[in-house]
Amino acid sequence: MPDAEFRSYYGRPILKRPTWKVPDVPGYLFLGGTAGASATMAVFADLTTRPELAGVGRRVAAGGALASVAALVHDLGRPGRFLNMLRVFKPTSPLSVGSWIIGPFSALATASAVAELTGRFPRLGRLAGLGSGVLGPAMCTYTAVLLADTAVPAWHEAYPELPVVFGGSALACGAGAALCVPGVDHRPPTRMGLLGAGMEIAALRRIEQRLGLVGEPYVRGRPGRLLKLSEALTAAGAGLSLLGRRSPVAPALAGTAYLAAGLCTRFGVFEAGIASAEDPRYVVLPQRQRDEARP
């Protein structure tokens, strides 16, 4: 098919490039997911009488949540814009719902960590930790829904798989943060990391196979290189985590690999979306294919 059939007027992009800043937004995606998975891990660790692991999960959840809010506010330009998003709750708006997830989650996770560190109000701290753990899965995945709700082809067309990619990556990152801390029971985060790694890799492969032309940005150029690196780091993290009992440094190396993979995943997915918005092919050709397929 000749280029003229899918190029826009004077070759300019059809979609406006998303104005979200780098590294603010990819960092926000990474930190929020890690915080959400860590909060949920802390709840299960508390229920299974693993206080050291629960404490690690609470601290990572609080730190990640506060850092993610800081990255979001920096992208928005001033704190007032974030607070304005909390003025109204609209169930039909992923942005509104997301704001009402990250706000309460950050407050609950911080309260839980402060109670754990100071030893004051332990019951309230555990209750706050339970609340943040309940919100943890939504914290891990709502950003994927937010991206898929845009008109950006590589994000919009991957709406069934992106929450699985982000959820799996968040599980691996939460596990990675715990594996980096010596002196805690590494068995639960090892299992959690393996589950997350499998989810993420399987969902990314599904995107590549199902999306066809629109999936090209996930495998080409800088986004493709980042996602290939993420897959390699995730596999390395999974393998190293299984060596934890044989090597004292293997858990820390596994955790570092998982966290690095999570960063690569968020930056790779973000840049794949930007690439698909800037190239008219990914907007025009899928629309024509759908029109031709109609009876």
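This text follows the structure it describes.
Residues numbered from 1 in each chain as written. Predicted model: local features only at pLDDT ≥ 70, side-chain atom pairs only at ≥ 80, totals over all residues. Heavy atoms only, no water.

(A) Structural detail: the packing of aromatic side chains. If you walk through the whole model with that rule in mind, you get two aromatic pairs. With a centroid separation of 5.9 Å and an interplanar angle of 25°, the aromatic rings of Trp20 and Trp155 are classed as stacked. In this pair, Trp20 is assigned in the segment before α1 (24-47) and Trp155 in helix α6 (residues 153-156), connecting sequence segments 135 residues apart. The buried category is assigned to Trp155, whose relative accessible area is 0%. The interplanar angle of 40° and the centroid separation of 5.9 Å between the aromatic rings of Trp155 and Phe270 together place this pair among those described as tilted. Placement of Trp155 in helix α6 and of Phe270 in helix α10 (residues 250-278) is noted, with a sequence separation of 115 residues between them. (Phe/Tyr/Trp six-rings, centres within 6.5 Å; stacked < 30°, edge-to-face > 60°. Helix = DSSP H or I, 4+ residues; strand = E, 2+ residues; numbered from the N terminus. Buried < 20%, exposed > 50% of the residue type's maximum accessible area, 1.4 Å probe, protein only.)

(B) The pattern of salt bridges, seen in detail. The final tally for this structure, using the stated rule, is 12 salt bridges. One salt bridge in this structure joins Asp46 and Arg126, with 3.0 Å as the shortest N-O distance. Placement of the pair is Asp46 in helix α1 and Arg126 in helix α5 (residues 122-148), with a sequence separation of 80 residues. Overall, the relative accessible area of 24% leaves Asp46 in the partly exposed class. Across the pair Asp185 and Arg187 runs a salt bridge, and its minimum N-O distance is 3.0 Å. For Arg187, a relative accessible area of 44% gives the class partly exposed. (Salt bridge = Lys/Arg side-chain N within 4 Å of Asp/Glu carboxyl O.)

(C) Here's a closer look at the nonpolar core. One finds Phe105, Trp155, Leu162, Phe166, Ile207, Tyr218 and Val269 to be the most contacted residues of the largest nonpolar core, which totals 40 residues. Put simply, the parts of the chain that give this core at least two residues each are α1, α2 (51-76), α4 (94-118), α5, α6, α7 (162-179), α8 (187-210) and α10. Looking at this core, the element that brings in the most residues is α2, giving six residues. Excluding residues within four positions of it along the chain, Tyr218 makes contact with Ala154, Trp155, Ala158, Leu162, Ile207, Leu211, Pro223, Gly224, Leu227, Val269 and Ala272. Core analysis: the next-biggest nonpolar cluster, separate from the first, contains 12 residues, Ala37, Ala45, Cys140 and Ala178 among them. (Core = buried A, V, L, I, M, F, W, Y, C linked by side-chain atoms within 4.5 Å. Contact = heavy atoms within 4.5 Å.)

(D) Seen up close, the environment of Ser96. With respect to the secondary-structure elements, Ser96 resides in helix α4. Measuring from C-alpha to C-alpha, the distance between Ser96 and Met85 comes to 6.4 Å, with 11 residues separating the pair along the chain. Leave out the neighbours within four places in its chain, and Ser96 touches Val88, Phe89 and Lys90.

(E) Inspection of the environment of Trp20 at higher detail. Under the relative-accessibility criterion, Trp20 is labelled partly exposed at 28%. Considered as a pair, Trp20 and Gly64 are 44 residues apart in the sequence and their alpha carbons are 20 Å apart. Discounting residues that sit within four places of it in the chain, Trp20 has contacts with Val25, Asp75, Leu147, Thr150, Trp155 and Phe270.

(F) Structural detail: the environment of Gly64. The residue Gly64 is located in helix α2 in this model. Sequence separation of Gly64 and Arg281 is 217 residues, and the distance between their C-alpha atoms is 37 Å. Those residues in contact with Gly64, other than ones at most four positions away along the chain, are Leu31 and Ala35.

(G) How the structure looks around α1. With 24 residues, α1 should cover 34 Å at 1.5 Å per step; its first-to-last C-alpha distance of 35 Å lies within 8% of that length. Burial runs high along α1: 20 of the 24 residues are buried. Of the residues trailing α1, Thr49 is marked for its positive phi of about 60°. (Expected span 1.5 Å × (residues − 1).)

(H) Representation of empty space enclosed by the protein in the model. On inspection of all chains with the given rule, the structure shows one cavity of 30 Å³ or more. If you add up the space inside the largest cavity, you get close to 30 Å³. Considering the residues around the largest cavity, the lining is formed by Tyr28, Leu29, Gly32, Gly33, Met139, Tyr142 and Thr143. Here the element with the most residues in the lining of the largest cavity is α1; it accounts for four residues. A per-class count over the lining of the largest cavity returns four nonpolar, three polar and no charged. (1 Å grid on protein atoms, 1.4 Å probe; cavity = no way out; pocket = protein on both sides within 12 Å on 5 of 7 lines; lining within 4 Å. Points joined across faces, edges and corners; volume = space filled by probe spheres on them. Nonpolar A, V, L, I, M, F, W, Y, C, P; charged D, E, K, R; others polar.)

Everything listed here is a matter of coordinates, which is why it stays silent on function.
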